[in-house]
Amino acid sequence: MSRARFNDLFDQWADDYDRTVAGSNPEYQEVFQGYGKILEGVVQELSLPPGSYVLEIGVGTGNLSRLLLEAGFHVVGVEPSKQMRARALGKLPDLTLHEGDFLHIPVPDGSMDGVASTYAFHHLTDREKKEALALLYKTVKPGGKLVFADTMFKDESVRHQMQKEAKERGFRQLAEDLEREFYPLLDSMKQLFLETGWKVRFEQMNRYVWLMAADK
Ligand SMILES: C[S@@+](CC[C@H](N)C(=O)[O-])C[C@H]1O[C@@H](n2cnc3c(N)ncnc32)[C@H](O)[C@@H]1O
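Residues numbered from 1 in each chain as written. Predicted model: local features only at pLDDT ≥ 70, side-chain atom pairs only at ≥ 80, totals over all residues. Heavy atoms only, no water.

Digging into helix α2 (residues 35-46)
In this model α2 runs 17 Å from its N-terminal to its C-terminal C-alpha over twelve residues, within 8% of the 16 Å that 1.5 Å per residue would give. For α2, the complete set of buried residues consists of Tyr35, Ile38, Leu39, Gly41, Val42, Val43 and Leu46. Looking at the buried residues of α2, the elements they touch are α1 (7-21), β1 (53-57), α3 (63-70), β4 (112-118), β5 (140-151) and β7 (209-215). Positive backbone phi, approximately 35°, marks Ser47, located one or two places after α2. (Helix = DSSP H or I, 4+ residues; strand = E, 2+ residues; numbered from the N terminus. Expected span 1.5 Å × (residues − 1). Buried < 20%, exposed > 50% of the residue type's maximum accessible area, 1.4 Å probe, protein only. Contact = heavy atoms within 4.5 Å.)

Right, dumping it as C-alpha cells:
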C-alpha cells in the first residue's frame, strides 16, 4: 500500500518545504523552477467555474489548495503526512483536509468536477498509478477533469541524462531521489491514462515537470 511509503520523509521535510520550493536548496532549484506558474497552470487547465468541487491529492503545505480556494472552488484535500497536513491547516484553517492518499480517497464516486495534484503522483509505482487513475475516473462526474503536474521524462535517454547530470553536479540527494522514486516516461504515462479511459494531453513546464490535463 502506498499510504506510508514516504511519510517519514515528508513529515521531516514539512517545516522546510516552502523554502525548498522557493529555491533554497540548489539541488532542487530546477525541479521547482516556475513553481508558482506551474500551480497557476493547473488551476487554469481545470477550466471549471467557481463553485465546482475539486479534489486535491497530496496537498503538502497547501500552496495549490490556496489557489484552488481563491478560484472559488469547494476543495477537498487529501494528504498522508501528518506534519504536512498541520502545515497546510496552519496556513488555510478552513481547508477541508483528510488523511488519505491516491488509493484511499474519502469522497463518493461521481461527486467531483475535477481532480488536481502537483509534485505527488511519482510516489506511486506504475501499477498504483493505473489503479489511482481508474479510481479517479470513477470519482469525477461525466465530463470531469484531471490536471496533474509532476516530474516525468520524455524517454529513457532523458531520464538517464538527468541522473548522470545530478551525479556530476554533486547533487547526491537529487540523484538518490531520481533513482528511488517512480518517475515515469511520457509514453508509459500516456498508456496508463488511455487504458483507464481518460483523454489526455501533456505539456512540458520545466526540465523536470510536465503538466497532464485529462478529460473523462
Ligand atoms: C513534493 S510534495 C508536493 C506538495 C504539494 N502538492 C506541492 O505541489 O507543493 C509531495 C506530497 O505528496 C504526498 N504524498 C506522498 N505519497 C503520497 C501518496 N501515495 N498519495 C498522496 N500523496 C502522497 C507527500 O506527503 C507530500 O505532501
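Examining the packing of aromatic side chains
Each aromatic ring pair is described using two quantities: the centre-to-centre distance and the angle formed by the ring planes. Counted according to the given criterion, the structure contains 14 aromatic pairs. Consider the rings of Phe32 and Tyr35, whose centres lie 5.8 Å apart with planes at 75°: the pair is edge-to-face. These aromatic residues form a ring-pair network of at least three members: Phe10, Trp13, Tyr17, Tyr28, Phe32, Tyr35 and Tyr119. Lying across the ring of Tyr137, Lys216 places its NZ or CZ 4.8 Å from the centre. (Phe/Tyr/Trp six-rings, centres within 6.5 Å; stacked < 30°, edge-to-face > 60°. Lys NZ or Arg CZ within 6 Å of the ring centre and 35° of its normal.)

Focus on the site of the ligand
Near the ligand lie 19 residues; those nearest to it are Tyr17, Tyr35, Gly58, Glu79 and Thr118. Here Tyr17 contributes a side-chain N or O atom positioned 2.7 Å from an oxygen atom of the ligand. With respect to the ligand, the side chain of Thr118 contributes an N or O atom lying 2.6 Å from an oxygen atom. Expressed as a share of its isolated accessible area of 600 Å², the protein-covered part of the ligand is 99%. Of all the cavities here, the one that holds the ligand is the largest pocket. Of the residues contributing to the shell around the ligand, the split by class is eleven nonpolar, six polar and two charged. (Near = heavy atom within 4 Å. Polar contact = N/O pair within 3.5 Å; in protein donor to acceptor, adjacent residues only side chain to side chain. Areas by Shrake-Rupley, 256 points an atom, 1.4 Å probe, with all protein chains shown as cover. 1 Å grid on protein atoms, 1.4 Å probe; cavity = no way out; pocket = protein on both sides within 12 Å on 5 of 7 lines; lining within 4 Å. Sits in = over half its atoms within 2 Å of the grid points. Nonpolar A, V, L, I, M, F, W, Y, C, P; charged D, E, K, R; others polar.)

Focus: the nonpolar core
The biggest cluster of nonpolar side chains holds 44 residues, and the ones touching the most others in it are Phe32, Leu46, Leu68, Phe73, Leu174, Leu178 and Tyr208. Among the secondary structure elements, those contributing two or more residues to this core are α1, α2, α3, α4 (82-91), β5, α6 (156-168), α7 (172-180) and β7. Counting residues per element, this core draws most heavily on α2, at six residues. Aside from chain neighbours lying at most four places away, what touches Leu174 is Glu27, Tyr28, Val31, Ala166 and Tyr208. (Core = buried A, V, L, I, M, F, W, Y, C linked by side-chain atoms within 4.5 Å.)

Some details on the pattern of salt bridges
Tallied over the full model, the rule gives 18 salt bridges. A salt bridge links Glu30 to Arg169; its shortest N-O distance comes to 3.8 Å. Of this pair, Glu30 sits in the loop between α1 and α2 while Arg169 is found in the loop between α6 and α7, placing the two residues 139 residues apart along the sequence. Close ionic contact of Glu181 with Arg180 constitutes a salt bridge, the shortest N to O distance being 3.6 Å. (Salt bridge = Lys/Arg side-chain N within 4 Å of Asp/Glu carboxyl O.)

What to know about the side chain of Thr61
Of note, Thr61 is situated in the loop between β1 and α3. For Thr61, the residues in contact, after removing those within four places along its chain, are Ala14, Tyr17, Asp18, Met84, Arg87, Ala88 and Lys91.

Some words on the UniProt feature "binding site: S-adenosyl-L-methionine" (unreviewed entry) in the protein
Mapped onto this numbering, the UniProt entry gives "binding site: S-adenosyl-L-methionine" (unreviewed entry) at Gly58, Glu79 and Asp101. Their sequence span is 44 residues, while the largest C-alpha to C-alpha distance among them is just 6.8 Å; these annotated residues converge on one region. Lining the largest pocket, from the residues just named, are Gly58, Glu79 and Asp101. Positionally, Gly58 belongs in the loop between β1 and α3. (UniProt positions renumbered as here; feature names shortened; annotations may be inferred.)

A few points about the environment of Tyr28
Of note, Tyr28 is situated in the loop between α1 and α2. The buried category is assigned to Tyr28, whose relative accessible area is 7%. When residues no more than four places from it in sequence are discounted, the contact partners of Tyr28 are Thr20, Gln173, Leu174 and Asp177.

Structural notes on the pairing of β5
Taken across its twelve residues, β5 has nine buried, putting it largely inside the fold. Handedness of the β4-helix α5 (residues 126-139)-β5 crossover: right-handed. Sheet topology note: the β5/β7 ladder contains seven bridges and is antiparallel. Paired with Asp150 across the two strands is Trp210, which belongs to β7. (Right-handed = clockwise from strand over helix to strand, strands pointing away. Pairing = 2+ DSSP bridges.)

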